[in-house]
Amino acid sequence: MVDTIRTIKLLSKWSANRAIGKRRPVIAVFSLTHYCNFYCPMCPFGDSDKEGQIMLAKRKDLTTDQWKMVFDKVSKYCVWSIVEGGEPTSRPDFMELVRYLHDIKMPVTLISNCSLLHTIDLDELKKYIQFVTCSIDSVFEESYCKVRGVSLQIYRRVMDNLNLLTEHKVPHYFNSVITKYNTQEFIDKTYFERAKQLGANAVSFTFVEDRSDVDYSLLPDRHTMVRVCESILEHIESKADPQVMIPAEYFQQIRDHGRGMFDECGVWKSIFVNGNGTVMVPCWKFNSPENTYNLLEKDVGEIWDAPQWDIARTCHDCEVLGCIWYSSQPVSTFAKNYMRGLSKMISQEKPELAEAI
Ligand SMILES: C[S@@+](CC[C@H](N)C(=O)[O-])C[C@H]1O[C@@H](n2cnc3c(N)ncnc32)[C@H](O)[C@@H]1O
Ligand code: SF4
Ligand code: SF4
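Colleague: Give a description of the pattern of salt bridges that names residues and reports values.
Modeller: By the definition in use, this model includes 15 salt bridges. Among the salt bridges present, the one from Arg23 reaches Asp310, with a minimum N-O distance of 4.0 Å. Here Arg23 is found in the loop between helix 1 (4–19) and strand 1 (27–31), whereas its partner Asp310 is found in the loop between helix 12 (300–304) and helix 13 (311–314), with 287 residues between them in sequence. Assessed through its relative accessible area of 11%, Arg23 is described here as buried. Here Lys73 and Asp299 are joined by a salt bridge, their closest N and O atoms 3.7 Å apart. Taken as a pair, Lys73 in helix 3 (residues 64–74) and Asp299 in the loop between strand 10 (292–294) and helix 12 lie far apart in primary sequence, 226 residues in all. You can call Lys73 buried: its relative accessible area is 15%. Note on Asp299: relative accessible area 42%, which makes it partly exposed. Each member of the salt-bridge network shares a partner with another, and the members are Arg23, Glu264, Asp310 and Arg313.

Colleague: Can you break down empty space enclosed by the protein residue by residue, with the values?
Modeller: Overall, the coordinates contain 3 cavities of 30 Å³ or more when judged by the stated rule. Counted as a void, the largest cavity has a volume near 100 Å³. Around the largest cavity, the lining is made up of 14 residues, and of these Cys265, Val267, Cys283, Cys315 and Cys318 lie nearest the centre. Of the voids in this model, the second largest cavity is the one considered here, and its volume is about 50 Å³. Considering the residues around the second largest cavity, the lining is formed by Leu10, Lys13, Trp14, Asn17, Arg24, Pro25, Lys76 and Tyr77. Of the residues belonging to the lining of the second largest cavity, the class tally is 4 nonpolar, 1 polar and 3 charged.

Conventions adopted
Numbering of residues begins from 1 in every chain and follows the order in which that chain's sequence is written. Labels are handed out in written order, letters beginning with A for the chains and numbers beginning with 1 for the ligands. Side-chain atom pairs in this predicted model are given and counted only at pLDDT of 80 or more, local residue features only at pLDDT of at least 70, and totals for whole chains, interfaces and linings cover all residues. The basis for every side-chain value is the complete set of heavy atoms in the structure, and neither hydrogens nor water enter the calculation. Put simply, a salt bridge is a Lys or Arg side-chain nitrogen that is within 4 Å of an Asp or Glu carboxyl oxygen. Starting at the N terminus, helices and strands are each numbered in turn, a helix being any DSSP run of H or I of at least four residues and a strand any DSSP run of E of at least two. Each residue is placed in one exposure class: buried if its accessible area under a 1.4 Å probe, protein chains only, is under 20% of its type's maximum, exposed if it is over 50%, and partly exposed if it falls in between. In this analysis, the protein atoms alone were mapped onto a 1 Å grid. Cavities are point sets where a 1.4 Å probe fits without being able to get out; pockets are open sets with protein on both sides within 12 Å along at least five of seven lines; lining residues have an atom within 4 Å of a point. Grid points are joined across faces, edges and corners, and a volume is the space filled by probe spheres set on the points. Under the scheme applied here, ten amino acids are nonpolar (Ala, Val, Leu, Ile, Met, Phe, Trp, Tyr, Cys and Pro), four are charged (Asp, Glu, Lys and Arg), and all others, including Gly, are polar.

Structure (structure tokens):
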């Protein structure tokens, strides 16, 4: 259950800060570990050197107590938290960490590749988190395996785990990263049908944001992007299930302009904490020692007063990344769509929570 009083107090504090021109985060994103068991070509954690990644995680990942300290600091500002990684469920203390977030009244969305959910007590998990965002880019084995860099066995394991989520009544929705490998199922709308069959209450999409550290692009060509956008817009207009959690404007803008449009980047509305407790200002694309702050040593307020946030005032480098587009929209667009999507989704499985938000 979300603590409504806590949420209202924090939102009032956030608005008061806004009124005097101070930026502060309102959503927390915790990247719990540098390790991931997948090989997604669009993601830096998809690195094929898994032994090296395990060593890195052992050396750099925050300990359980350090994460708890970070959670305490961040919970003074943020109304919601998103737990991701790497693969967050790969941490042996994963349940202890989400239980701690629950104990300090921080609502949690878990983002997971879902391949390890069978190793977790889902009845316990659903006491601590609000939803699982299942990263299901494709509902067909061939495209799934291509976008995620994994074998058919892993695809089957993930599908079985999605059924476990449904059986244990854990609220979940799907997020798909649209790349050149998985456009057809959006164009012919089979993604929606299959997502519904797999128990997804809602779906969310983003076109892939190409990595700057590799020499390949995974974005579909312009013509295909337009067809994908048109098809998703038709689905939104039809009001059929599953509901799309990203507003129609995102797809309209990409169809019409080839990118998402915004005045000022809203990356500052979220605090993104890396696996080692650092925060990059304004974001991961400006990764340099002078833009890196350590949350174990500094407070959120100090970091949010840093001069590098000014970069985000004019930067438009993220052309299609759904979460950055969303956080850069006027508060009214954001609130209207977010609340509508959230309450519809929750009401199907947790009616008491739908009333509380
Ligand atoms: C980095 S992953 C971490 C959590 C977990 N391993 C997973 O895949 O769900 C968080 C989210 O970022 C998405 N993602 C990864 N690379 C991306 C990219 N280049 N563009 C857009 N989204 C991306 C993933 O699909 C996932 O939904
Ligand atoms: S499963 Fe998640 S963290 Fe791992 S490589 Fe894929 S997108 Fe990245
Ligand atoms: S638009 Fe620029 S500042 Fe904003 S998240 Fe993207 S790279 Fe960072």
